[in-house]
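Each chain, letter by letter, is given below.
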Amino acid sequence: MIAAPRRIDVLSPEVIAQIAAGETVERPASVLKELVENSLDAGATRVRVDIEGGLDHLLRVSDDGCGIDAADLAAAFTRHGTSKIARAEDLLAVRTMGFRGEALPSIAQVARVTLTTRTAHAAEGTEVRLDAGRIVQTRPVARAPGTTVVVEDLFWNVPARRKFMKSPATEVRVASRMMSAYAMAALNVAFTLTNDGREMLQLAPTDNLRARVGAVYGHAAAEQLLEIHGEGPGLVVRGVLGTPEIARSSREHQYLFVNDRPVQHPLLAYLVRRAFGTMIPDGRHPFFVILLTVAPDMVDVNVHPTKREVRFARDGDVSHAVMRAAERALRALEPRFEVVAPSAHPFAADRTMAMAAAGLRVVTPDMLPPSERQISLADALYTPAPANVAPYTGESAEAPALSADERPGHGTPFWHLHDTWIFAPVRSGFIILDQHAAHERAAYERIRAQLLETRAPSQELLFPQVMELTAAEYDGLLAIQGTLDQLGFDIRAMSGNTIVVRGIPSDLKAWASGMFLRDLLEDTEEYEASSPALVDALAASYACHSVVRANQPLTTEEMAALVDGLFRTEHPESCPHGRPTFVRIGVDELERRFGRR
Ligand code: ADP
Ligand code: MG
């Protein structure tokens, strides 16, 4: 049915302003982004951000930049009021982060804003207060040159946006990561971030990117960086790549700047990942900070309302230069190595020969220092499930579980395909297991049961490990520390985002000098401290990071243990993320396919 035409009316200016504001101010952290960008554009050498009661309650950004002339304040809060460009041609030479003149009016539209500012040559400062986008009060104030913007009650008049907001704690962590991101390019600027009076970030000015990375990620991380340099027609590539050792489970820790503007560019990130090849296992992502300097007329910054994407005039040149620079830097790690499977595996010898032929140096586990030795799979594989496992409440896949007499029994032959899938005959046909998903299910149920019952046993680390976390990780740790204790961790939080780990769960083999803990914190950062969802998320994350992956050879005993472990669980049919753990092909289907029926 075709709807009857309705009258077309042009929206009122208020509605238009609300719609535009919604685009610029996607979430509370976007306010911080816009205000920090303004401070940097103003040439600030110090940027301070204070959060009180959540970003949406009170956010204050202060700088010592050039300030705003009192006569320009009304224009600054008018849509498309900007000092940064004047004519369309200027869009081809934008050097500042801002240019759209939309941030201040948009923020004022959806929050209560107070701005205080003074230029160097003004005798005194000026304060303006805005309500629903309009200046309602202007008065002289005393202050040093610079600008302070206070944003209160964000989205008080946009109930729809409030409803979809993440938790205040999540937003604070996003804010701290965002600020750290700007800090990676603006080295000469001092950054401070406080949350409810607690200092989260304190970054001194420096002329050295490695030192900045160290201030955010800790000194251990700063020692795991390779510098990269490259050039192409009209462009320069600089920055650092993290060694494979500090690769992470998410892409959060990849910083790409184009003319000091932080941007997302999936293709460039992919090319850097590819340069690492097999030095980093599947599912992990390299750390990097890459700073591209490109002639302003070779890059279009005006392709996204929040300016987070850019387009290059000569895409190919940029890709090529970044890829070559990454490859060159990684040569420092040569001879390349790849950890091979325990030598008990029947194909290990073949694999070793093939790798040697391909010019790869082969390292067997016993040649590595103890901390780098791959976990013995037999060790990691199988810890018996407790008798009464808590029911899995997630959505299950369709595959029906196998009845007890259908499961592969003792002496079952297994076939291992591509080090990823296990084939096993069962009475009614055969099943194919995904080794990672299957192992994950078993570990998930075990860990979840532990979290809901008693405190799991802990093993003391021989040497307590001091770890410097990022502000976001530290904040997340404080929130879930009680639950981590329950799992068998023994962690003391010190000041300055530093922790001391004294004990870890006694059956944990995948500790990897603490990377395991960082992965857990990353995966659970969206959950409120004592919510039931946190238990599920933590168990799923723990399981995922501690079990065998795809492309890992297994012995027959290991396969047997894995299959056995899966079928002892409550819900063998799916992994904690809801993907199937096995598929079954019945004899009846084979008969049908071969025309026997
Ligand atoms: P844009 O940054 O795109 O120009 P904004 O709405 O963010 O638009 O800011 C409007 C104008 O207000 C800017 O062009 C700038 O002149 C001025 N301004 C905003 N914040 C600051 C600040 N922290 N210091 C100095 N000037 C500022
Ligand atoms: Mg701006």
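Our subject is the structure that appears above.
Residues numbered from 1 in each chain as written. Chains lettered and ligands numbered in written order. Predicted model: local features only at pLDDT ≥ 70, side-chain atom pairs only at ≥ 80, totals over all residues. Heavy atoms only, no water.

Comments concerning the overall build of the protein
Here comes step 1: Helix and strand content of the protein: 18 helices and 24 strands.
Here comes step 2: Here the protein, with 597 residues, has 51% of them falling under the buried criterion.
Here comes step 3: In the protein, of all internal contacts separated by at least 6 residues, the share reaching a separation of at least 24 is 69%.
Here comes step 4: Working note: accessible area of the protein is about 28,800 Å², and carbon and sulfur atoms make up 54% of it. (Helix = DSSP H or I, 4+ residues; strand = E, 2+ residues; numbered from the N terminus. Buried < 20%, exposed > 50% of the residue type's maximum accessible area, 1.4 Å probe, protein only. Contact = heavy atoms within 4.5 Å. Areas by Shrake-Rupley, 256 points an atom, 1.4 Å probe, with all protein chains shown as cover.)

Comments concerning the environment of L11
Here comes step 1: For L11, the position within the fold is in the segment before α1 (13-24).
Here comes step 2: Beyond its immediate stretch of four places on either side in the chain, L11 contacts I16 and I19.

Some words on the pairing of strand β3 (residues 112-118)
Here comes step 1: In terms of burial, β3 is largely enclosed, as 6 of its 7 residues are buried.
Here comes step 2: Pairing between β3 and strand β6 (residues 146-152): 7 bridges, direction antiparallel. By the bridge assignment, V113 is partnered in β6 with V151.
Here comes step 3: Note that β3 and strand β4 (residues 125-131) share 5 bridges and pair antiparallel. If you follow T114 over to β4, its bridge partner there is R129. (Pairing = 2+ DSSP bridges.)

Let's talk about the packing of helix α6 (residues 168-185) against helix α14 (residues 471-487)
Here comes step 1: Across the interface, α6 lies against α14 with an axial gap of 8 Å and an inter-helix angle of 160°. Relative to α14, the element α6 lies roughly antiparallel. In contact with A169, V172, R173, S176 and R177 of α6, α14 contributes A471, A472, D475, G476 and A479.
Here comes step 2: Among the residues making up the contact of α6 with α14, the classes are represented as 5 nonpolar, 2 polar and 3 charged. (Axes fitted to C-alpha atoms, helices over the stretch in contact; angles between N-to-C directions. Parallel < 35°, antiparallel > 145°, perpendicular 65-115°, else oblique. Nonpolar A, V, L, I, M, F, W, Y, C, P; charged D, E, K, R; others polar.)

Some points on the site of ligand 1
Here comes step 1: Taken together, 20 residues sit near ligand 1, with N38, T82, S83, K84 and G101 positioned nearest.
Here comes step 2: A distance of 2.5 Å separates an oxygen atom of ligand 1 from a polar atom in the side chain of S83.
Here comes step 3: A distance of 3.1 Å separates an oxygen atom of ligand 1 from a polar atom in the backbone of R100.
Here comes step 4: When residues of the shell around ligand 1 are assigned to their parent elements, the largest contribution, 3 residues, is made by helix α4 (residues 103-110).
Here comes step 5: The residue makeup of the shell around ligand 1, split by class, is 7 nonpolar, 9 polar and 4 charged. (Near = heavy atom within 4 Å. Polar contact = N/O pair within 3.5 Å; in protein donor to acceptor, adjacent residues only side chain to side chain.)

Description of the sheet that holds strand β8 (residues 198-203)
Here comes step 1: The strand order across the open sheet formed by 8 strands is β5-β4-β3-β6-β2-β1-β7-β8, and the pairing between neighbours is mixed. One side of each edge strand has no neighbouring strand; the edge strands of this open sheet are β5 (134-141) and β8. With strand direction ignored, the average angle separating the axes of adjacent strands in the sheet is 10°.

Points about the environment of V110
Here comes step 1: Note that V110 resides in helix α4.
Here comes step 2: When the C-alpha positions of V110 and G133 are compared, they lie 7.7 Å apart, and in sequence the two are 23 residues distant.
Here comes step 3: Beyond its immediate stretch of four places on either side in the chain, V110 contacts A21, V25, D153, L154, F155, W156, N157 and V158.

Side note on the sheet that holds strand β21 (residues 458-468)
Here comes step 1: With antiparallel pairing, the 3 strands of this open sheet are ordered in space as β21-β23-β22. Of all the strands in the sheet, the pair left with one neighbour each is β21 and β22 (490-493). Taking the axes of each pair of neighbouring strands and ignoring which way they run, one obtains an average angle of 15° across the sheet.
Here comes step 2: Bridge analysis of β22 against strand β23 (residues 498-505) gives 4 bridges, and the strand direction is antiparallel. Paired with A493 across the strands is I499, a residue of β23.

Looking at the side chain of R248
Here comes step 1: Its place among the elements puts R248 in the loop between β10 (235-242) and β11 (254-258).
Here comes step 2: Here E522 takes part through its side chain, which lies 3.4 Å from a polar atom of the side chain of R248.
Here comes step 3: When sequence neighbours within four positions are dropped, the list of residues in contact with R248 reads Y217, H253, G283, R284, H285, E473, M515, R518 and E522.

Some remarks on the packing of helix α9 (residues 266-276) against helix α10 (residues 315-330)
Here comes step 1: Where α9 contacts α10, the two axes come as close as 9 Å, and the packing angle between them is 30°. Compared by their axis directions, α9 and α10 come out roughly parallel. For the pair α9 and α10, the crossing hand works out as right-handed. From α9, L267, L268, L271, V272, R274, A275 and F276 reach across to α10, where they touch V318, S319, V322, M323, A326, E327 and L330.
Here comes step 2: Grouping the amino acids of the contact of α9 with α10 by side-chain chemistry returns 11 nonpolar, 1 polar and 2 charged. (Left-handed = near helix turned anticlockwise from the far one by under 90°.)

Digging into α14
Here comes step 1: The end-to-end C-alpha separation of α14 is 23 Å, in line with the 24 Å expected for 17 residues at 1.5 Å each.
Here comes step 2: By the largest-angle criterion, I480 marks the main kink of α14, which is about 65°.
Here comes step 3: Across the 17 residues of α14, 12 count as buried, placing the element largely inside the fold.
Here comes step 4: Residues of α14 that are buried include every one of A471, A472, E473, Y474, D475, G476, L477, I480, Q481, T483, L484 and L487, and no others.
Here comes step 5: With its phi angle positive at about 110°, G488 sits one or two positions after the end of α14. (Expected span 1.5 Å × (residues − 1). Bend = angle between axes of the 7 residues up to and from the residue.)

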